[in-house]
Amino acid sequence: MEENNNNTSRRKFIQQTALASAGMILVNPLNILAQNNNQNNMTKNIKSKGYAAKDNSGKLSPWEFERRPVGDNDILIDIKFASICHSDIHQMKGDWGTQQYPQVPGHEIVGIVAAVGKNVTKFKVGDRAGVGCMVDSCMQCESCTHGEEQFCDHGKTLFTYGNPDKTSPSGITQGGYSNNIVVRDHFAVHIPDHISLQEAAPLLCAGITTYSPIMNANFKIGDRVGVAGIGGLGHLAVKIAVSKGAEVYAFTTSPDKAKDILVFGAKEVIVVDSLDKLKPYKGKLDYMISTIPVQFDLAAYSSVVKPYGHFTQVGMPVGFELKLSNIGLASSRVNFNASLIGGIPETQEVVHYCADNKVLPKIEVIKATQINDAWTKVLNKEARYRYVIDAATF
């Protein structure tokens, strides 16, 4: 009962935070203390440079472009670091549908606020700020005003790159593999001083994408939690679940990751070089989260969860579609669900939680010229475990 009460209180806090923030935006209060260190940012397009996909080859190259001026409710962020997500590769290669090019990927973005619009009260120049997977929404519907902007009831969620955007000089949103970004202030989060910017970057997607379903699972201390797929998302899922008191069982196809995973706090590592390796764990776990971003035997993996337990899929394969065995799921009696990132209040929550509890991603900082090589390593399961691009090298 205490666990449920805590979860209810937390959800109320997130919703109240979202309502207060949305209310400030809708009312548009005059902010006489708004700061702006560059008046030109308010009237002229802002020059930017980064790395963009020019076609669906999966290769990026330097590109100079422009962003919109800083609007009344916007902030300009000088990007310091942007990390690489498998989603970047999927989208640039057209795995999720036809794309418009040139397109700059990147939705794990951190930097320093360089300018603010006149209505902005959430940030001031010099603040540390981060941007994740979305940059706007209607901000008026039930979902948007209750901390679930990713599910805007009016379909107005604007994702960080590749979405049609009439305010963008290029016609689409352009992401964080660049030296700056202009974003509506509500869709940026504060980065506390007790976490490095480069370690904070992966929390803006990998962190929130795993934290949100883990929190919603509401498991108890000592419960057995499985994590399938130990890459950028999965290694953070292991760390977050361990920090919440779970007994974590990690399932990977990469035997050379086993030692790392144990260091992350997992009780056991299962190297799934054959689906037979899953059989000893049938019905043993209380909950499982899968970050696997390709087609796999979902029914076989979900069978390790206890009957009527829950299995959450967060990895997004080609075409967004997974092949499911209805008889397999029916036989295991496992409740299957999927999850998509988290809202802005919950994203702010995970950043603070990870900073406070030292739940940090394992990263490798790279230069812009290393992006294409890093993408190849991600596809080959060689990343350990999140590549973070130094934006000073664009």
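The rules we used
- Residues numbered from 1 in each chain as written.
- Predicted model: local features only at pLDDT ≥ 70, side-chain atom pairs only at ≥ 80, totals over all residues.
- Heavy atoms only, no water.
- Helix = DSSP H or I, 4+ residues; strand = E, 2+ residues; numbered from the N terminus.
- Expected span 1.5 Å × (residues − 1).
- Buried < 20%, exposed > 50% of the residue type's maximum accessible area, 1.4 Å probe, protein only.
- Contact = heavy atoms within 4.5 Å.
- 1 Å grid on protein atoms, 1.4 Å probe; cavity = no way out; pocket = protein on both sides within 12 Å on 5 of 7 lines; lining within 4 Å.
- Points joined across faces, edges and corners; volume = space filled by probe spheres on them.
- Nonpolar A, V, L, I, M, F, W, Y, C, P; charged D, E, K, R; others polar.
- Core = buried A, V, L, I, M, F, W, Y, C linked by side-chain atoms within 4.5 Å.
- Domains from an automatic or database assignment.
- Pairing = 2+ DSSP bridges.
- Right-handed = clockwise from strand over helix to strand, strands pointing away.
- Salt bridge = Lys/Arg side-chain N within 4 Å of Asp/Glu carboxyl O.

Examining helix H5 (residues 232-243)
With 12 residues, H5 extends 17 Å from end C-alpha to end C-alpha; this agrees with the ideal 16 Å at 1.5 Å per step. Counting buried positions along H5 yields 10 of 12 residues, so the element is predominantly enclosed. Turning to H5, its buried residues number three or more, namely Gly 232, Leu 233, Gly 234, His 235, Leu 236, Ala 237, Val 238, Lys 239, Ile 240 and Ala 241. On the buried face of H5, the contacting elements are helix H4 (206-217), strand S10 (224-228), strand S11 (247-252), strand S13 (285-290) and strand S17 (386-390). Gly 245, located one to two residues past H5, shows a positive phi value of around 95 degrees.

A look at unusual backbone geometry
Residues Tyr 101 and Pro 102 are joined by a peptide bond in cis, for which omega reads -5 degrees. A cis amide bond links Arg 384 with the next residue in sequence, Tyr 385, at an omega value of -5 degrees. Inspection of the secondary structure puts Tyr 385 in the loop between helix H10 (371-379) and S17. Here Arg 333, not a glycine, exhibits a phi torsion of approximately 60 degrees, which is positive. On the secondary structure map, Arg 333 appears in the loop between helix H8 (326-332) and strand S15 (335-338).

Digging into empty space enclosed by the protein
In the structure shown here, the tally under the stated rule is 2 cavities of 30 Å³ or more. One number sums up the size of the second largest cavity: a volume of about 70 Å³. Every residue lining the second largest cavity is counted, 13 residues in all, and those nearest its centre are Gly 132, Cys 133, Leu 204, Ile 344 and Thr 347. The class makeup of the residues in the lining of the second largest cavity is 9 nonpolar, 4 polar and no charged.

Let's talk about the nonpolar core
With 90 residues, the main nonpolar core has Ile 75, Ile 84, Tyr 177, Ile 191 and Ile 371 as its most contacted residues. Inspection of this core shows a minimum of three residues originating in each of domain 1 (31-205 + 344-393) and domain 2 (210-338). Those residues in contact with Ile 84 that lie beyond four places of it in its chain are Glu 108, Tyr 177, Ile 366, Ala 374, Trp 375, Val 378, Arg 386, Tyr 387 and Ile 389. The next biggest cluster of nonpolar side chains, apart from the first, holds 19 residues, and it includes Ala 228, Val 272, Met 288 and Val 304.

Remarks on the environment of Pro 293
Mapped onto the elements of the fold, Pro 293 is located in the loop between S13 and helix H7 (298-302). Each C-alpha atom of the pair Pro 293 and Pro 317 lies 4.6 Å from the other, and the pair is 24 residues apart in sequence. Beyond its immediate chain neighbours, meaning those up to four positions away, Pro 293 contacts His 86, His 90, Gly 315, Met 316, Pro 317 and Val 318.

Re the pairing of S11
The buried fraction of S11 amounts to 5 of the 6 residues, a majority that puts the element mostly inside the structure. Looking at chain direction, S10 and S11 are connected through 5 bridges and run parallel. Bridging across to S11, Arg 224 finds its partner in Glu 247. In this fold, S10 hands off to H5, which returns the chain to S11; that crossover is right-handed. Pairing of S11 with strand S12 (residues 268-271), which is carried by 4 bridges, proceeds in the parallel orientation. Counted as the bridge partner of Thr 252 is Val 271 from S12. Regarding topology, helix H6 (residues 258-263) serves as the crossover connection from S11 to the parallel S12, and that connection is right-handed.

Here we look at the pattern of salt bridges
All told, the structure shown has 13 salt bridges when counted by the stated rule. Between Lys 279 and Asp 276 there is a salt bridge, and its shortest N-O distance comes to 3.1 Å. Owing to a relative accessible area of 61%, Lys 279 belongs among the exposed residues under this scheme. Its relative accessible area of 47% is what places Asp 276 among the partly exposed residues.

So yeah, pure geometry; function would need other evidence.
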